[in-house]
Amino acid sequence: MMQSQDTVSSRRALLKTGGLFVGALMIPGAVSAGMRDRARRGTPESLIPDDFFHPSATPVSQPAVASATVPPALDAPGVNPQLLKRALAALERHGSRVAKRDRIAVADFSAGSSAPRFHLINLEDGRTVSKLVAHGSGSDPGHTGYLQRFSNQNGSNASCEGAFATADYYVGKHGRSQRLLGLDATNNNALDRAIVVHAAWYANPDMIRERGMLGRSQGCFAVGENELTEVFERLGPGRMIYAAKV
């Protein structure tokens, strides 16, 4: 699963400049009039707004799409309560950087890759759909099926922890994919590292029947080939993925 430096560089360039914008839902203010004007002239644009890592001191009101209220004692079946609590705290901490608050995804990397550990949670009533998801090879060098460590470093091929904002879709090396913006110091290299959501054969359920565990990604959230459409439909742009190990 290793790639040459040229391939990795090309992939990073594609991720930063290519693809199809799905509108300003991915982050409030991400697509300004000036960006649209420059896009029409063919100038590549960053996916990250200028003030993303240095927000204005002026309070920003929540957009209308972020109107869902999280119940004080949300019960999400199959989700570790401690991990869910941390995810909800991250959702509040990142404020308007997460545009839509009706659903989130929680990747529980305490569980092995043979368990459905990518939880898509409806925050209005706690309904949860759980999927298989692969972790990075750099997080599990011995391929034990369990994540051993996180890393935010370029070239580590490891999964990184923290909160991500889902951004736009594109078609790349792994087919349909979704870019992610790392919101924390532990994952703020996600865009540069090309950490995305995509489908992969090694994340299909038959891998568990044959080998007892999934294969490993290069740090991406790789789901089964028949699961990607549902993941995209339930997650969409402008929502949060929270990945951690408790």
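See the structure above.
Structure report, in brief.

Cut-off values and rules
- Counting from 1, residues in each chain are numbered in the order their sequence is written.
- A pLDDT threshold of at least 70 governs which residues receive local features in this predicted model, and a stricter bar of 80 or more applies before side-chain atom pairs are shown or counted, although totals over entire chains, interfaces and linings include all residues.
- Side-chain figures throughout are based on the complete set of non-hydrogen atoms in the structure, without hydrogens or water.
- Salt bridges are defined by distance alone: a side-chain nitrogen of Lys or Arg within 4 Å of a carboxyl oxygen of Asp or Glu.
- Strands here are runs of E lasting at least two residues and helices are runs of H or I lasting at least four, both read from the DSSP assignment and numbered beginning at the N terminus.
- Think of it in three bands: residues with accessible area under 20% of the maximum for their type are buried, residues over 50% are exposed, and the middle band is partly exposed, with areas taken using a 1.4 Å probe on protein chains only.
- As used in this record, nonpolar core signifies buried Ala, Val, Leu, Ile, Met, Phe, Trp, Tyr and Cys residues forming a set joined through side-chain atoms within 4.5 Å.

## Observations regarding the pattern of salt bridges
Should the charged atoms of two oppositely charged side chains come close, the side chains can pair. All chains considered together, the criterion is met by nine salt bridges. Glu 227 is paired through a salt bridge with Lys 131; the nearest N and O atoms lie 2.6 Å apart. Here Lys 131 lies in strand S3 (residues 128-131) and Glu 227 lies in the loop between strand S7 (221-223) and helix H6 (228-235), a separation of 96 residues in the sequence. Taking the shortest distance from any N to any O, the salt bridge between Glu 230 and Lys 131 comes out at 2.6 Å. Of the two residues, Glu 230 sits in helix H6 while Lys 131 sits in strand S3, which places them 99 residues apart along the sequence. Overall, the relative accessible area of 25% leaves Glu 230 in the partly exposed class. The exposure class of Lys 131 is buried, given its relative accessible area of 9%. When salt bridges that share partners are traced, they join Lys 131, Glu 227, Glu 230 and Arg 234 into one network.

## Overview of the nonpolar core
Across soluble globular proteins, you tend to see nonpolar side chains buried next to one another. Residues Leu 84, Ile 104, Ile 121, Leu 123, Met 240 and Tyr 242 are the most contacted members of the largest nonpolar core, which totals 23 residues. Elements represented by at least two residues in this core include exactly helix H3 (81-93), strand S1 (103-108), strand S4 (162-172) and strand S8 (240-244). Looking at this core element by element, the count peaks at six residues for H3. Counting 22 residues, the second-largest nonpolar core is a separate cluster that includes Ala 105, Val 133, Leu 228 and Leu 235.

## Focus on unusual backbone geometry
It is generally the case that most residues other than glycine have a negative phi and that most peptide bonds are trans. Despite not being glycine, His 143 shows a phi value in the positive range, around 50°. Looking at where His 143 falls in the secondary structure, it is placed in the loop between S3 and S4. For Ala 194, which is not glycine, the phi torsion reads 60° and is therefore positive. Considering the arrangement of structural elements, one finds Ala 194 in the loop between helix H4 (190-193) and strand S6 (196-199).

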